[in-house]
Amino acid sequence: MAVILHIESSTTVCSVALSENGVCLLHKIDFQAQSHARLLPLFLQDVSKFLQEKSLHVDAVAVSSGPGSYTGLRIGVSTAKGLCYGWNVPLVAIDTLKIMANAFLEKQKVENDVLLCPMIDARRMEVYTAFYDTNLSYQRTISADIVEIGCYNDLLNEKQICFFGNGATKCQTILNHPNASFFEDVYPSAQAMICLAENAFAEKDFKDIAYFEPFYLKQFIATIPKQKF
């Protein structure tokens with residue numbers, strides 16, 4: 001177990017958390033879009049002050065690895081890398097969609113056989129998504145999808161699916177299936193990273209600080225089929 005600093009900046013939400021042995025010691029969060037470059041240093045000042053007051057030393061830095069906003073991820077990852085270099089500690093990276101799925105499970109009680117589908121809005125009817133079981137194991141890996149009538153029916157015909165995230169609301173009328181449930185107010189946050197980062201730290205699942213790159217949404221562009229008009 002360890003003291004871990006968590007940074008989440010992949011969407012319009014910007015947050016930082018500090019944990020020790022899986023327990024959250026400090027959490028700072030803001031929902032102002034396009035303010036990450038200004039807010040993140042302020043949050044880290046509070047973390048630094050807390051560490052000094054409690055005589056704690058960070059053992060690792062965890063960062064949200066995307067998919068997400070190019071600018072937000074760049075700010076979060078470059079900050080995490082700089083801290084890792086300065087403190088000589090390892091870097092842990094957690095998928096943004098898995099963070100959202102964990103945030104959902106921390107708020108909602110669901111049956112074990114349902115699927116979780118976090119969605120990040122990519123404008124128009126496009127979303128970035130993945131499917132997880134309640135153990136947060138992938139049932140369908142990260143993809144860029146154009147949501148249309150009948151989309152995901154292969155899964156919906158078999159299981160109940162919980163949709164959430166800022167991309168899910170616009171899909172509600174289209175994914176009109178009795179096994180589809182929609183939930184609001186679920187977003188990626190540093191606090192929802194804690195147990196995931198603890199597991200990665202215990203398994204020594206560390207990233208190469210020099211070469212690690214986040215999963216930018218632009219990487220999906222080539223995979224999205226062109227719509228016919």
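Data block above holds the structure.
Residues numbered from 1 in each chain as written. Predicted model: local features only at pLDDT ≥ 70, side-chain atom pairs only at ≥ 80, totals over all residues. Heavy atoms only, no water.

## Brief notes about the pairing of strand β2 (residues 14–20)
Line of reasoning, step 1. With respect to burial, β2 is a largely interior element, six of its seven residues being buried.
Line of reasoning, step 2. Pairing of strand β1 (residues 3–8) with β2 involves six bridges; the strand directions are antiparallel. Residue E8 lies in a different strand from β2, and its bridge partner there is S15.
Line of reasoning, step 3. Between β1 and β2, which pair antiparallel and follow one another directly, the connecting turn spans five residues.
Line of reasoning, step 4. Linking β2 back to strand β3 (residues 23–30) in an antiparallel pair, the connection comprises two residues, with N21 at a positive phi of about 55°. (Buried < 20%, exposed > 50% of the residue type's maximum accessible area, 1.4 Å probe, protein only. Helix = DSSP H or I, 4+ residues; strand = E, 2+ residues; numbered from the N terminus. Pairing = 2+ DSSP bridges.)

## A few points about the packing of helix α1 (residues 36–54) against helix α2 (residues 70–87)
Line of reasoning, step 1. Where α1 contacts α2, the axes come no closer than 10 Å and their chain directions differ by 30°. By the angle between their directions, the pair α1 and α2 is classed as roughly parallel. Helix-helix and strand crossings are classified by hand; for α1 and α2 the assignment is right-handed. Here H36, A37, L40 and L44 of α1 come into contact with α2, specifically with G72, I75, G76, T79 and L83.
Line of reasoning, step 2. Across the contact of α1 with α2, the residue classes break down as five nonpolar, four polar and no charged. (Axes fitted to C-alpha atoms, helices over the stretch in contact; angles between N-to-C directions. Parallel < 35°, antiparallel > 145°, perpendicular 65-115°, else oblique. Left-handed = near helix turned anticlockwise from the far one by under 90°. Contact = heavy atoms within 4.5 Å. Nonpolar A, V, L, I, M, F, W, Y, C, P; charged D, E, K, R; others polar.)

## A few points about the sheet that holds strand β8 (residues 138–146)
Line of reasoning, step 1. Read across the sheet, five strands follow the order β8-β7-β6-β9-β10 without closing on themselves; strand pairing throughout is mixed. Looking at which strands have only one partner, the edges of the open sheet turn out to be β8 and β10 (180–183). Put simply, the sheet's adjacent strands are angled 20° from each other on average, direction ignored.
Line of reasoning, step 2. Here strand β9 (residues 161–164) pairs with β10 via four bridges, running parallel. Residue F164 lies in a different strand from β10, and its bridge partner there is F183.
Line of reasoning, step 3. Against the sheet, helix α3 (residues 96–107) engages β6 (115–121), β7 (126–132), β8, β9 and β10, with an angle of about 125° to β6.

## Quick look at the pattern of salt bridges
Line of reasoning, step 1. The final tally for this structure, using the stated rule, is four salt bridges.
Line of reasoning, step 2. The salt bridge partner of D46 is K28, with a shortest N-O separation of 3.3 Å. Separated by 18 residues along the polypeptide, D46 in helix α1 and K28 in strand β3 bring together distant segments of the chain.
Line of reasoning, step 3. Given a relative accessible area of 34%, D46 falls into the partly exposed group.
Line of reasoning, step 4. The exposure class of K28 is partly exposed, given its relative accessible area of 26%. (Salt bridge = Lys/Arg side-chain N within 4 Å of Asp/Glu carboxyl O.)

## Let's talk about the environment of V47
Line of reasoning, step 1. Checked against the element boundaries, V47 lands in helix α1.
Line of reasoning, step 2. Relative accessible area serves as the criterion here: at 2%, V47 is assigned to the buried category.
Line of reasoning, step 3. Remark: the alpha-carbon pair of V47 and V110, spanning 63 residues in sequence, is separated by 34 Å.
Line of reasoning, step 4. Aside from chain neighbours lying at most four places away, what touches V47 is L5, V16, L18 and L26.

## Some points on the packing of aromatic side chains
Line of reasoning, step 1. Throughout the structure, instances matching the rule amount to eight aromatic pairs.
Line of reasoning, step 2. With centroids separated by 5.1 Å and ring planes inclined at 90°, the aromatic side chains of F31 and Y187 adopt a geometry described as edge-to-face. In this pair, F31 is assigned in the loop between β3 and α1 and Y187 in the loop between β10 and α5 (194–202), connecting sequence segments 156 residues apart.
Line of reasoning, step 3. For F31, a relative accessible area of 48% puts it in the partly exposed group.
Line of reasoning, step 4. Ring geometry for F104 and F164: centres 4.4 Å apart, planes at 0°, overall stacked. Linking F104 in helix α3 with F164 in strand β9, this pair joins segments that are 60 residues apart in sequence.
Line of reasoning, step 5. The exposure class of F104 is buried, given its relative accessible area of 0%. (Phe/Tyr/Trp six-rings, centres within 6.5 Å; stacked < 30°, edge-to-face > 60°.)

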